Amino acid sequence: MFPGPQQHPLRIIPLPAAHQRQWDDELVVYDQRCGETHLLAGVVGEIFTLLQTSPRRMDELIAHLQTGQHPDIDDPESFIQQVILELRRLQLLDSDPLDSE
Amino acid sequence: MIEIGPFLVRLRSRLESVASAVALHYEGQLRAPDTPFCDFHVRLDRSRGIRSRWRPQARFYLDETSPKPLPLSQAYPLFEWGLNWCIAQHGHRFLMIHAAVLERDGQALIMPGVPGAGKSTLCAALSLSGWRLLSDEFALVELATGQVTPLPRPVSLKNAAIDIIAGHFPSATLGTRTHDTTKGTVCHLKPPADSVARAAESAAPAWVVFPRFETGATDQLVELPRGQALLRLADSAFNYSILGARGFETAADLIGHSDCFELSYGNLDASLGLLNELSTSQP
């Protein structure tokens, strides 16, 4: 049985360290495949960095938000889905869990 | 032959208005005509054809190719705009940012700005009050070192800015006013002699300030997060995409070494005061 999208580990595309810069809560990423530069601010940058450290499932990301310093996020599940959608739109995710369904 | 920072320009023209303006504005940068090498072969002449009999026009040629002509009265501004085009098309050994750049104590103040943001007015005023003019139009950032290379050229003033600078700085050398250009009335300010004499001295980026002129605005400098500043700097660069990863790394290094601000600008003296405070408050 294949894992569902909630259980599929998400990973960030390989990026050279020189193509990323972090200043305070802003992360700027250069994607040399398309020449685009992305600004990932706040929690989006935090999730990006977390996924870059090691691939994680959606439920692990939700748990991270629930246990982290993010009391302002009312609905972590919906929030993470939005973040993943955004990272997918920017083509910064290495594999798309929906593609493996 | 004109030496403009890292570029040598061979200019040929029969137009008296161009010859006199070049003699005025590039007085300290003219080189022997037989200088063997040059970066740009430029010609500025009357447009030919029957139309030119009743509506005289000037054409700018780079290696004998020419974009659209302009009225003959705009021949000198056409030279300056054509030169911008030459540099933007060919200066890819630099990250080229559309910005005014000034220097003090070896540190560069970079002011990117869309047309109308007020960067040329601020640039002219700063260059006449203690800062060294590096460029009114291009921040040339060396890819290898991140240093800003000077490009001392006349500062292009438009419309109300001309009288503002003439009024504040009566000793400033201003050229002839050209009316009815696509930018309105245009007048060039001769670069200070010190800027020309020190054209080989590069400077380290220290401040990136995005000015925004608004009539009646309260003058204030507001810190800009570096990530946002980097995206705006990339938007202002002529060749960021062409340079690819090197463009990103150069721009990111520049931002990383600079304090970044937005300048809301309504009053020249007040904004000059704010920008002067930047350099004096540096540790």
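Residues numbered from 1 in each chain as written. Chains lettered and ligands numbered in written order. Predicted model: local features only at pLDDT ≥ 70, side-chain atom pairs only at ≥ 80, totals over all residues. Heavy atoms only, no water.

Student: Please clarify how unusual backbone geometry should be interpreted in this entry.
Tutor: Only a minority of non-glycine residues have a phi that is not negative, and only a minority of peptide bonds are not trans. With phi around 50 degrees, Asp24(A) is a residue other than glycine that occupies positive phi space. Considering the arrangement of structural elements, one finds Asp24(A) in the loop between β1 (20–23) and β2 (26–31). Here Asn159(B), not a glycine, exhibits a phi torsion of approximately 50 degrees, which is positive. (Helix = DSSP H or I, 4+ residues; strand = E, 2+ residues; numbered from the N terminus.)

Student: When you look at the packing of aromatic side chains in this model, what are you seeing that I'm missing?
Tutor: To describe a pair of aromatic rings, you give the distance between the ring centres and the angle between the ring planes. Applying the stated criterion across every chain, the model contains eight aromatic pairs over all chains. Consider the rings of Tyr30(A) and Phe248(B), whose centres lie 5.3 Å apart with planes at 15 degrees: the pair is stacked. Of this pair, Tyr30(A) sits in strand β2 while Phe248(B) is found in helix α8 (residues 245–256), placing the two residues in two different chains. A relative accessible area of 3% places Tyr30(A) in the buried class. Measuring from ring centre to ring centre gives 5.1 Å for Phe213(B) and Tyr265(B), while their planes differ by 65 degrees; the resulting arrangement is edge-to-face. Linking Phe213(B) in strand β14 (residues 204–213) with Tyr265(B) in strand β16 (residues 259–265), this pair joins segments that are 52 residues apart in sequence. Clustering of aromatic rings is evident, with ring pairs tying together Phe7(B), Phe40(B) and Phe94(B). Sitting above the plane of the Tyr61(B) ring, Arg43(B) keeps its charged end 4.0 Å from the centroid. The lysine or arginine in question, Arg232(B), covers the ring of Phe210(B), its NZ or CZ lying 4.4 Å from the ring centre. (Phe/Tyr/Trp six-rings, centres within 6.5 Å; stacked < 30°, edge-to-face > 60°. Buried < 20%, exposed > 50% of the residue type's maximum accessible area, 1.4 Å probe, protein only. Lys NZ or Arg CZ within 6 Å of the ring centre and 35° of its normal.)

Student: Teacher, can you tell me more about the pattern of salt bridges here?
Tutor: Two side chains carrying opposite charge are able to pair once their charged atoms lie near each other. A complete count under the given rule lists 16 salt bridges over all chains for this structure. For Asp31(A), the salt bridge goes to Arg33(A), with nearest N and O atoms at 2.7 Å. Owing to a relative accessible area of 53%, Arg33(A) belongs among the exposed residues under this scheme. For Asp259(B), the salt bridge is made with Arg226(B), and the minimal N-O distance between the two is 3.5 Å. A residue pair is termed long-range when its members are at least 10 positions apart, and Asp259(B) in strand β16 and Arg226(B) in helix α6 (residues 226–236) qualify at 33 residues. A residue is classified by how much of its surface remains accessible, and Asp259(B), at 34% relative accessible area, is partly exposed. The network of salt bridges with common partners includes Glu103(B), Arg132(B), Asp194(B), Arg198(B) and Glu201(B). (Salt bridge = Lys/Arg side-chain N within 4 Å of Asp/Glu carboxyl O.)

Student: Help me understand the packing of helix α1 (residues 43–53) of chain A against helix α2 (residues 58–67) of chain A, please; the structure alone is not making it clear to me.
Tutor: The description of two helices packed together rests on the angle between their axes and the distance between the axes. All names here are of chain A. Remark: α1 packs on α2, axes separated minimally by 12 Å, with the N-to-C direction vectors making an angle of 130 degrees. Relative to α2, the element α1 is oriented oblique. In terms of crossing hand, the pair formed by α1 and α2 is right-handed. Residue-level contacts link Val43, Glu46, Ile47, Leu50 and Leu51 of α1 to Leu61, His64 and Leu65 of α2. For the contact of α1 with α2, the per-class residue count stands at six nonpolar, one polar and one charged. (Axes fitted to C-alpha atoms, helices over the stretch in contact; angles between N-to-C directions. Parallel < 35°, antiparallel > 145°, perpendicular 65-115°, else oblique. Left-handed = near helix turned anticlockwise from the far one by under 90°. Contact = heavy atoms within 4.5 Å. Nonpolar A, V, L, I, M, F, W, Y, C, P; charged D, E, K, R; others polar.)

Student: Could you clarify how one ought to interpret the interface of chain B and chain A in this entry?
Tutor: Interface size is commonly expressed as the accessible area that is lost once the parts come together. Listed as interface residues are 15 residues of chain B and, on the opposing side, 11 residues of chain A. Interface of chain B and chain A: buried area, both sides summed, is about 1100 Å²; carbon and sulfur atoms make up 67% of it. Across the contact surface, chain B and chain A share one salt bridge. The salt bridge involving Asp253(B) is made with Arg21(A); its shortest N-O contact spans 2.6 Å. Inspection of the region where chain B meets chain A yields five residue pairs in polar contact (both at pLDDT 80 or more). (Buried area = accessible area lost by both parts, 1.4 Å probe. Polar contact = N/O pair within 3.5 Å; in protein donor to acceptor, adjacent residues only side chain to side chain.)

Student: When you look at the confidence of the model for chain B in this model, what are you seeing that I'm missing?
Tutor: The predicted coordinates should not be examined in detail at positions where pLDDT is low. Summarising the model, chain B shows a mean pLDDT of 94, and 98% of its residues fall at 70 or more. Both scores are available for the predicted complex, with the pTM at 0.92 and the ipTM at 0.87. (pLDDT = per-residue confidence, 0-100.)

Student: Just checking my understanding: could you explain the pairing of strand β6 (residues 94–104) of chain B for this structure?
Tutor: Across a regular strand the side chains alternate sides, sitting on one face of the sheet and then on the other. Residues and elements named next belong to chain B. Within β6, 11 of the 11 residues are buried, leaving the element largely enclosed by the surrounding structure. Both faces of β6 are covered, namely the face carrying Phe94, Met96, His98, Ala100, Leu102 and Arg104 and the face carrying Leu95, Ile97, Ala99, Val101 and Glu103. Note: β6 against strand β9 (residues 138–142), five bridges, orientation antiparallel. Within β9, the residue paired with Ile97 across the bridge is Ala139. In terms of strand pairing, β6 meets strand β7 (residues 107–112) through six bridges, oriented antiparallel. Looking across to β7, one finds that Arg104 is bridged to Gln107. Where β6 hands over to β7, the hairpin turn is made up of two residues, of which Asp105 adopts a positive phi near 50 degrees. One ladder, built from three bridges, connects β6 with strand β8 (residues 132–135); its direction is antiparallel. Opposite Val101, over in β8, you have Ser135 as the bridge partner. (Pairing = 2+ DSSP bridges.)

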